[in-house]
Amino acid sequence: KAGVTQTPRYLIKTRGQQVTLSCSPISGHRSVSWYQQTPGQGLQFLFEYFSETQRNKGNFPGRFSGRQFSNSRSEMNVSTLELGDSALYLCASSSRDRGVGANVLTFGAGSRLTVL
Amino acid sequence: AQSVTQLDSQVPVFEEAPVELRCNYSSSVSVYLFWYVQYPNQGLQLLLKYLSGSTLVKGINGFEAEFNKSQTSFHLRKPSVHISDTAEYFCAVGYDKIIFGKGTRLHILP
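Definitions and cut-offs
- Residues numbered from 1 in each chain as written.
- Chains lettered and ligands numbered in written order.
- Predicted model: local features only at pLDDT ≥ 70, side-chain atom pairs only at ≥ 80, totals over all residues.
- Heavy atoms only, no water.
- Helix = DSSP H or I, 4+ residues; strand = E, 2+ residues; numbered from the N terminus.
- Rg over C-alpha atoms; globule rule 2.2 N^0.38 Å.
- Buried < 20%, exposed > 50% of the residue type's maximum accessible area, 1.4 Å probe, protein only.
- Disulfide = S-S within 2.5 Å.
- Contact = heavy atoms within 4.5 Å.
- Buried area = accessible area lost by both parts, 1.4 Å probe.
- Salt bridge = Lys/Arg side-chain N within 4 Å of Asp/Glu carboxyl O.
- Polar contact = N/O pair within 3.5 Å; in protein donor to acceptor, adjacent residues only side chain to side chain.

*Asks:* Any chance you could explain the overall build of chain A here in plain terms?
*Replies:* A tally of regular secondary structure across chain A gives zero helices and 11 strands. Along the chain direction, N to C, the helices and strands of chain A fall in the order β-β-β-β-β-β-β-β-β-β-β. A compact globule built from 116 residues should have a C-alpha radius of gyration of about 13 Å, and chain A, at 13 Å, falls within 12% of that. Viewed in the frame of its principal axes, chain A has a C-alpha envelope of about 40 × 30 × 25 Å. The 116 residues of chain A split such that 50% are buried.

Structural data, given as structure tokens:
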């Protein structure tokens, strides 16, 4: 079956702009998590959505937001981009239902954002 | 709160030699433990996971890890590495929210 699909794979923006990234989870997976990966900080947890509801949230400013649709596809948005937002944004889906059992993540290839 | 410390940012090792990548975690509750691998320009791929039961966990590509509760460690090992193992390895911990370490780059020397 198809894996986790993230679009776009690469994008370049300038400071002050906003960006929207998309993630299609594995069919049947209802949990979607987002991470920011940078060389200095490694992977940092942004948020997790399950059945269109944000279930967990990391320590990022309000400029970072997300949502999940009824088909489990998820988007994340970053407004008022800063240079420090340049990173690889990874999406991961999980079949874990209602917070029960192991949250085993399957990752997409990521969206690489460069902010100039 | 949970945290993960990967003690080495880079590990060079000769081809066909054994390797150990170290990981220590802290958590106030029982958690699950994971190792993921990231090849260049790709996302992360699950190598193995510890959920419960036997403390020695076998994963893909010949890797294994041992859960040590008293030392709060979950070190990853492989008895003989290949050039194809060149990648970055991430230890992760969590039950609900999964927290990752900063990664260890494995360099295979010919």
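*Asks:* Whenever I open this one, the state of the cysteines confuses me. Can you help?
*Replies:* Cysteine pairs can be covalently joined through their sulfur atoms, and such a bond is termed a disulfide. The tally for this structure, following the rule as stated, stands at two disulfides over all chains. Sulfur-sulfur distance for the disulfide between C23 of chain A and C91 of chain A comes to 1.7 Å. Taking the sign of the S-S torsion, about -55° here, the bridge from C23 of chain A to C91 of chain A comes out left-handed. Pair noted here: C23 of chain A is in strand β3 (residues 19-24) and C91 of chain A is in strand β9 (residues 87-94), with a separation of 68 residues, a long-range link. Like C23 of chain A, the residue C91 of chain A is buried in the burial classification. Sulfur-sulfur distance for the disulfide between C23 of chain B and C91 of chain B comes to 1.9 Å. Measuring handedness by torsion sign, the sulfur bridge of C23 of chain B and C91 of chain B sits at about -65° and is left-handed. Note that C23 of chain B is positioned in strand β4 (residues 23-26) and C91 of chain B in strand β10 (residues 87-94), a separation of 68 residues in sequence. Residue C23 of chain B shares its accessibility class with C91 of chain B, and that shared class is buried.

*Asks:* Any chance you could explain the interface of chain B and chain A here in plain terms?
*Replies:* Accessible area lost upon the coming together of the parts serves often as the stated size of an interface. Contact residues are listed per partner, giving 18 residues for chain B and 24 residues for chain A. Between chain B and chain A lies a buried interface of about 1,600 Å² when both sides are counted; carbon and sulfur atoms form 53% of it. The tally of links from chain B across to chain A stands at zero salt bridges. The tally of links between chain B and chain A comes to three residue pairs in polar contact (both at pLDDT 80 or more).

*Asks:* What is the right way to look at the pattern of salt bridges in this model?
*Replies:* Opposite charge on two side chains permits pairing when their charged atoms draw close. Under the definition given, this model contains 11 salt bridges over all chains. The residue R67 of chain A makes a salt bridge to E75 of chain A at a minimum N-O spacing of 3.2 Å. Classification of R67 of chain A by relative accessible area gives partly exposed; the value is 47%. The salt bridge partner of R105 of chain B is E88 of chain B, with a shortest N-O separation of 3.5 Å. Residue R105 of chain B is found in strand β12 (residues 104-109), and its partner E88 of chain B is found in strand β10; the two are separated by 17 residues along the sequence. Classification of E88 of chain B by relative accessible area gives buried; the value is 12%. The structure contains a network of salt bridges with shared partners spanning R63, E82 and D85 of chain A.

It is worth stressing that arrangement in space is one thing and function is another; only the former is reported here.
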